[in-house]
Structure formats: structure tokens, C-alpha cells
Amino acid sequence: MPATDDLKLLIDAAQASGDIARKYFNASPEVWDKAGNAGPVTEADLAIDDMLRTDLLAARATYGWLSEETEDDSARLSRDRVFIVDPIDGTRAFIAGERHFSHSLAIAENGRITTAVVYVPMMDLLFAATESGHATLNGEDIVTSSRPDLDGATVLATKPNMRPEHWIGDVPPVQRKFRPSLAYRLCLVAQGRYDAMLTLRDCWEWDIAAGDLIVRQAGGTVTDRHDSPLAFNNPHPKTKGCHAAGPILHKALQARIRQPEPQ
């Protein structure tokens, strides 16, 4: 299947997700707490997940499926191509009436992301990339920041990531910023709005799959906390953290991260 066909499929699905999300936004959607303290889920998340699963698999019946809101099925491990989606990334922000939630849609082929779309519906921001093309925002090419050092760099991260125990020497003199959606954080780095993003804790694949490709096709580097490239559609669909930046800044950032002691 040509990448352009898959990209159009994901763009259409992301925009349809936005249409559903807008109907529920600030309209008191029903909310449930997931088992195992896994966070909240709303009727909007479930409605979008149902639409995406139905429409995308109808269009690509041979592809596997991995979504935050669908019970995992190991059948995806036998598929060469797999949809990896988060119907709403930033559900807590969505519930709170904040605009910075997103829809994250990606296609993985044999472990690597080949097509990706992240849509921020309340701001009408559509980030997209294919493995063979440049990353775009609303159709215009985007590029990561060229900042070479950490001093004064803007880094999207939660407060716990900046604790001294995570760093070699002093905590880097960066300006910490935050957005609730991991997918959107990655896209902001791809856009060059921020210099880097960092999360040292394990990441669910659906939060970062689309953003991984979008950053890389914007000229950036994305790895886990151990400096390894990200791989997707794993049996346990998590990565060992995720950080992204322009290539030079990424090296500087990685050199300061303290690695856990071997067990």
C-alpha cells in the first residue's frame, strides 16, 4: 500500500476523531476510572476508539491493531503492519476543558513507524509524516530547533524528570515547560517551538508512535533513555522512556542522563 494512501487514511481518521471530540468537549462527558489506577477514560475516548477501529480496519483488513482503549490482542504480533493509536492523548486535559489534547495515529511496519498523524482538534493543528517525506504542520514543512547546548534550552518535561537523581552532575540549566499530551510534546519539538522533550519513565507505544516519526522526519533524533532507537509493536507495548531533540542537543541531553544501576 503506498504511503500516500495510508497517510490520507490517517488524516481523514484524525479529522473525524476531532469532530467527535468537539461534540463532547466541555459538555460533561461521562468519565470512568480504569482498573489498576491506569487513569480516566471518557465516553469520547471510547466513541473515537470505536470509530477508528471500525473505519481503519475496514480500509486495511490485513493490518493489526493496538490502541489504548481496546483490549490488547496478541494477533497483532503476527501482522507486518499495525495501526497504533491513542484516541485521545491527554484525557485529563480533555476532561478539564483544556485544549492541548490530541489524537495520535500511526502505522508500524516490522517495528518501525512508516506513517504518522497527530491532530490537535481544538487548535486545528495537523502534524503528519511518512517515512519517505518531510514532516509537516497543516501542509507546511517543519524542522526541529538547531540549538546546540542545554544552557537555556526549552525542554518539555514533567517535574519529576528534573529531579537531581536523574542527572549526572547538576540538573541541566534548562527552561522546563509542559503540555499534557506526549504526542503533542513530540510535535512541538518537531515544529521547533521547543528544543527538546523528555520522559524518563516507561512510555506506552500509542502515546509516542506517531510523534516519533514526525520528529525524525523534521530532522530530529528520538531515542529511549538508554539512547536506543524506538521500536514498536512489542509484545509488551512500552518503551524505556522517550526523548527527542535536534541531533546535537539530543547528544548533549543524553550525555547528562544518569542510567540506572544494573540489577
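What you see as residue numbers is a count from 1 along each chain, following the sequence as written. Local features in this predicted model are restricted to residues of pLDDT 70 or higher, and side-chain atom pairs are both shown and tallied only at a pLDDT of 80 or more, whereas totals for entire chains, interfaces and linings draw on every residue. Computation of side-chain values: all heavy atoms of the structure, hydrogens and water removed.

- As annotated in an unreviewed UniProt entry, the protein chain is Myo-inositol-1(Or 4)-monophosphatase from Litoreibacter halocynthiae.
- Under the Cofactor (unreviewed entry) heading, UniProt states for the protein chain: "Mg(2+)". UniProt positions are given in the numbering used here, feature names are shortened, and annotations may be inferred rather than shown by experiment.

1. Notes on the overall build of the protein chain
Here is step 1 of the chain: Regarding its fold elements, the protein chain presents six helices and 16 strands.
Here is step 2 of the chain: Its C-alpha atoms give the protein chain principal-axis dimensions of roughly 50 × 40 × 40 Å.
Here is step 3 of the chain: A 1.4 Å probe rolled over the protein chains alone gives each residue an accessible area, and that area as a share of the maximum for its type sets the label: buried under 20%, exposed over 50%, partly exposed in between. Residue burial in the protein chain is summarised as follows: out of 263 residues, 53% are buried.
Here is step 4 of the chain: Counting only contacts in the protein chain whose residues sit at least 6 apart along the sequence, the fraction spanning at least 24 positions is 61%.
Here is step 5 of the chain: Using the Shrake-Rupley algorithm and a 1.4 Å probe, accessible areas are obtained, with residue cover drawn only from the displayed protein chains. Looking at the protein chain as shown, the accessible area adds up to about 11,700 Å², and 48% of this sits on carbon and sulfur atoms.
Here is step 6 of the chain: For the protein chain, the distance from the average position of its 28 positive side-chain charges to the average position of its 37 negative side-chain charges is 5 Å. Counting from the N terminus, the helices are the DSSP runs of H or I reaching at least four residues and the strands are the DSSP runs of E reaching at least two. Should any heavy atoms of two residues lie within 4.5 Å, those residues are considered in contact. We treat Lys and Arg as the positive residues and Asp and Glu as the negative residues; His and chain ends play no part in the count. Note on charges: their place is set at NZ of Lys, CZ of Arg, CG of Asp or CD of Glu.

2. Let's talk about the environment of Thr70
Here is step 1 of the chain: With respect to the secondary-structure elements, Thr70 resides in the loop between strand 3 (64-67) and strand 4 (81-89).
Here is step 2 of the chain: Under this definition, polar contacts are N or O atom pairs within 3.5 Å; protein pairs additionally need one hydrogen-donor-capable and one acceptor-capable atom, and for neighbouring residues in sequence, both atoms have to be side-chain atoms. Here Asp49 takes part through its side chain, which lies 2.7 Å from a polar atom of the side chain of Thr70.

3. Focus: the packing of aromatic side chains
Describing an aromatic ring pair means giving the distance of the ring centres and the angle of the ring planes.
Here is step 1 of the chain: For Phe, Tyr and Trp, rings pair up if their centres lie within 6.5 Å, where Trp contributes its six-membered ring, and each pair is then called stacked (planes under 30 degrees apart), edge-to-face (over 60) or tilted (otherwise). As enumerated under the stated definition, the model contains seven aromatic pairs in all.
Here is step 2 of the chain: Between the aromatic rings of Phe25 and Phe101, the centroid separation amounts to 5.7 Å while the plane-to-plane angle is 40°, which identifies the pairing as tilted. Remark: Phe101 occurs in the loop between helix 3 (91-95) and strand 5 (102-109) and Phe25 occurs in the loop between helix 1 (3-24) and strand 1 (31-33); sequence separation between them is 76 residues.
Here is step 3 of the chain: Given a relative accessible area of 13%, Phe25 falls into the buried group.
Here is step 4 of the chain: Assessed through its relative accessible area of 0%, Phe101 is described here as buried.

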